[in-house]
Amino acid sequence: MTSDVMIALGDYRFSVHSAAYSEFRRVSEYRWRSQERLSRTPAMQYIGPGYDEVTMTGTIYPHFNGGLFQVEAMRAEAVKGKPLLLVDGLGYVRGNYVITRIEETQTDIRVAGVAEKIEFNITLKYYGDDNAI
């Protein structure tokens, strides 16, 4: 990976020169189920990890970096309909994730309807490891 890459998702690269994200949010869920007990309060039983969700928020200034079609390139990865390897800029492999949502807001519209500022949110969920115990 080149030094300006912040994170790679499949073939798409988030970087300072394309779509730089300014916020990385990760939510990890852990599954617990209630077990009824006679004459006592229910006990909680851990049944394993739940969803792991990542949301990245950023801004693209297409006239300065990356061009107008960065969000479309993200959508092209999503429409593949397959898990995508997520690797951060330090080379840490985070695993396979799927794109579940892409939001785009275009502002500062100029000639021919071209935005000077594009804000995006992309939401990923961990695909799951079929070999996990």
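This text goes with the structure placed above it.
Because the structure is predicted, anything quoted here is derived from the model rather than measured.

Here we come to the overall build of the chain. The helix and strand tally for the chain stands at 1 helix and 7 strands. In the chain, the succession of helices and strands from N to C terminus is β-β-β-β-α-β-β-β. Dimensions of the chain along its principal axes, counting C-alpha atoms only, are 70 × 30 × 25 Å. Sorting the 133 residues of the chain into buried and exposed places 27% on the buried side. For the chain, the share of sequence-separated contacts (at least 6 apart) that also reach a separation of at least 24 residues comes to 58%.

Moving on to the sheet that holds strand E2 (residues 12–15). With antiparallel pairing, the 7 strands of this open sheet are ordered in space as E2-E1-E5-E6-E7-E4-E3. Each edge of the open sheet is held by one strand with a lone partner, namely E2 and strand E3 (20–35). Averaged over all pairs of adjacent strands, the angle between strand axes in this sheet comes to 30°, irrespective of strand direction. As paired strands, strand E5 (residues 84–88) and strand E6 (residues 93–109) are joined by 4 bridges and run antiparallel to one another. Among the inter-strand pairings, Leu 86 is bridged to a residue of E6, identified as Gly 95. Each of strand E1 (5–9), E2, strand E4 (43–60), E5, E6 and strand E7 (115–126) touches helix H1 (residues 70–78); the most contacted strand, E6, lies at about 145° to it.

What follows covers the pairing of E2. Sheet topology note: the E1/E2 ladder contains 4 bridges and is antiparallel. The residue of E2 that forms the bridge with Ala 8 is Arg 13. Hairpin connection of E1 to E2: 2 residues between the antiparallel strands, including Gly 10 at a positive phi of 60°.

Right, let's talk about the side chain of Asp 52 for a bit. With respect to the element layout, Asp 52 can be found in strand E4. Within the structure, Asp 52 has its side chain in polar contact with the side chain of Arg 26 (distance 3.0 Å). Among the polar contacts made by the side chain of Asp 52, one reaches the side chain of Ser 28 at a distance of 2.6 Å. The residues contacting Asp 52, other than those within four sequence positions of it, are Arg 26, Val 27, Ser 28, Tyr 97, Leu 124, Lys 125 and Tyr 126.

Given two aromatic rings, their pairing is described by the distance between the two centres and the angle made by the two planes. Throughout the structure, instances matching the rule amount to 6 aromatic pairs. Ring geometry for Tyr 12 and Phe 14: centres 4.8 Å apart, planes at 75°, overall edge-to-face. Take Tyr 12 and Phe 14: they sit in the same class, and that class is buried. Joined through ring pairs, the aromatic side chains of Tyr 12, Phe 14, Tyr 21, Phe 24 and Phe 120 make up one cluster. The ring centre of Tyr 51 lies 4.2 Å from the NZ or CZ of Lys 125, which sits over that ring.

Conventions adopted
- Residues numbered from 1 in each chain as written.
- Predicted model: local features only at pLDDT ≥ 70, side-chain atom pairs only at ≥ 80, totals over all residues.
- Heavy atoms only, no water.
- Helix = DSSP H or I, 4+ residues; strand = E, 2+ residues; numbered from the N terminus.
- Buried < 20%, exposed > 50% of the residue type's maximum accessible area, 1.4 Å probe, protein only.
- Contact = heavy atoms within 4.5 Å.
- Pairing = 2+ DSSP bridges.
- Axes fitted to C-alpha atoms, helices over the stretch in contact; angles between N-to-C directions.
- Polar contact = N/O pair within 3.5 Å; in protein donor to acceptor, adjacent residues only side chain to side chain.
- Phe/Tyr/Trp six-rings, centres within 6.5 Å; stacked < 30°, edge-to-face > 60°.
- Lys NZ or Arg CZ within 6 Å of the ring centre and 35° of its normal.

Remember, this is a structural readout, not a statement about activity or role.
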